[in-house]
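Structural characterization, general
Single-letter residue listing:
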Amino acid sequence: MAAVLREIEAEVERRKHLVHQSAERKAIISQCYKRKHSEVYTLQDSFLAPGFLEIVRYCTSPDANLHGLLRYTESFSDKRIFRLPVFTEEFCQAFIEELENFEQSDMPKGRPNSMNNYGVLLNELGMDESFITPLREKYLRPITALLYPDVGGACLDSHKAFVVKYSLHEDLDLSSHYDNAEVTLNVSLGKDFTEGNLYFGEFRQDPSPVPNYIEVEHVATQGLLHRGGQIHGALPIASGERWNLIIWMRSSAIRNQLCPMCNQKPQLVEAEGFGDGFTETCEEDVPETVDLCSVW
C-alpha cells in the first residue's frame, strides 16, 4: 500500500509541472526548430477532403439535421461512432514528413499523453492557433453539434491535439481507456502498416456485465468521431508504421458541472492555454444569454 501511495504522489507531482514544462518546450521549439513544410501549420481548405467540405456545407445549411448528416457518414453499430473523410492524401504525406522532421531533430519533446510514448504534442509544435482551433471551430463543431448535442457537441470550446505513432519497436498497441474529452476525432494519417485495428466497448456511464466490443479498421485520410467516454483501445500493429492525429474536444459547459475523469465537481487551479478544458466565471460576469448546450 505504501508503494502505491508513493507512486500516486509522484504522479501528482509530475502532473503539477506539466504545463510549465510544456511552455518551456514550446518556446524553445518556436525559436530554434527549422520547419520542413511551413505551409502545413496554417489550415487551408485545400488540405481538406472534398467529401469533408461537403459535409461541413450541409451542417451549416439552414435545414441541416441529424438524419440528413448520417447520409454522408459511415456509422458503426449503436455506439455512435462515425467515419468521415477529413484530409487529402497530399496533406497527410506532407504532415507526416513534417512530423518525422521534428522527430529527428534535437528539439525537446513531450509525451502525447500518459499512455502513448511516441508522438508529438501539436500545441508545442505551434499548430494550435493556426490549424487545430479553426479546424474545431469552423469545420468540426457544426458536425458535432448534430451528432452529439447531449455531450456538448454544439459548444466545444477547447481541445488537446496530438499525433501518436505506432511501430514494431515502439508503441505497438493501446489498452482500453476513455478520453479526457467530450468528443474525440481520430484521423489515420498513414503510413504503410498491417493490423492495429481500433476496438470499441461500452460508454463508460453505461456499464455492461458482458461488454460488446466491435473492431474498426483504420482508413488513411479518414477520421472517426466518437464520444470521449466510449471505452476503446488499439490492437497490436503487425508490421509497418502508423501515425494518427487525435483531437480531444472539450465543452466547458459540460465539464464545469462534472469532471469526466473523476465524476466529481471540479476544483479548478489556474493553467495556461486551454488546460483541461474547464473555465471559471464569476457570477457577476455571467451574461444573461441562453446556454446553447442546454437547449439541444
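Structure's up top.
1. What about the packing of aromatic side chains?
Applying the stated rule across the entire model yields twelve aromatic pairs. Taken together, a centroid distance of 6.3 Å and an interplanar angle of 50° make the contact between Phe87 and Phe131 tilted. One end of the pair, Phe87, is in the loop between β2 (81-85) and α5 (89-103); the other, Phe131, is in helix α7 (residues 128-147), and 44 residues separate them in sequence. Judged on exposure class, the residue Phe87 and its partner Phe131 are both buried. Ring plane angle 90° and centroid distance 5.1 Å describe the contact between Phe162 and Trp248, whose orientation is recorded as edge-to-face. A residue pair is termed long-range when its members are at least 10 positions apart, and Phe162 in strand β4 (residues 158-167) and Trp248 in strand β12 (residues 237-250) qualify at 86 residues.

2. Focus on the pattern of salt bridges
Counted by the stated rule, this structure contains ten salt bridges. We note a salt bridge from Lys26 to Glu129, for which the minimum N-O separation is 3.5 Å. On the criterion of sequence distance, the pair formed by Lys26 in helix α2 (residues 18-32) and Glu129 in helix α7 is long-range, its members being 103 residues apart. By relative accessible area, which is 27% here, Lys26 ends up partly exposed.

3. Let's talk about the nonpolar core
Counting 53 residues, the largest nonpolar core has Phe52, Phe87, Leu122, Leu125, Leu135, Ile143 and Leu189 as the members making the most contacts within it. Among the secondary structure elements, those contributing two or more residues to this core are α3 (50-59), β2, α5, α6 (122-125), α7, β4, β6 (183-190) and β12. If one sorts the elements of this core by residue count, α7 sits on top with eight residues. Phe162, Ala181, Ala234 and Ile237 belong to the second-largest nonpolar core, a separate cluster that totals 17 residues.

4. Side note on α7
One turn of an α-helix holds 3.6 residues; hence residues three or four places apart share an orientation. Given a rise of 1.5 Å per residue, 20 residues ought to cover 28 Å, yet the end C-alpha atoms of α7 are separated by just 24 Å, more than 12% below that figure. If you look at α7, its biggest bend is around 55°, right at Leu140, and the proline Pro142 turns up within four residues after that. Among the 20 residues of α7, 14 are classified as buried, and the element is accordingly described as predominantly covered.

How each quantity is defined
Residues numbered from 1 in each chain as written. Predicted model: local features only at pLDDT ≥ 70, side-chain atom pairs only at ≥ 80, totals over all residues. Heavy atoms only, no water. Phe/Tyr/Trp six-rings, centres within 6.5 Å; stacked < 30°, edge-to-face > 60°. Helix = DSSP H or I, 4+ residues; strand = E, 2+ residues; numbered from the N terminus. Buried < 20%, exposed > 50% of the residue type's maximum accessible area, 1.4 Å probe, protein only. Salt bridge = Lys/Arg side-chain N within 4 Å of Asp/Glu carboxyl O. Core = buried A, V, L, I, M, F, W, Y, C linked by side-chain atoms within 4.5 Å. Expected span 1.5 Å × (residues − 1). Bend = angle between axes of the 7 residues up to and from the residue.

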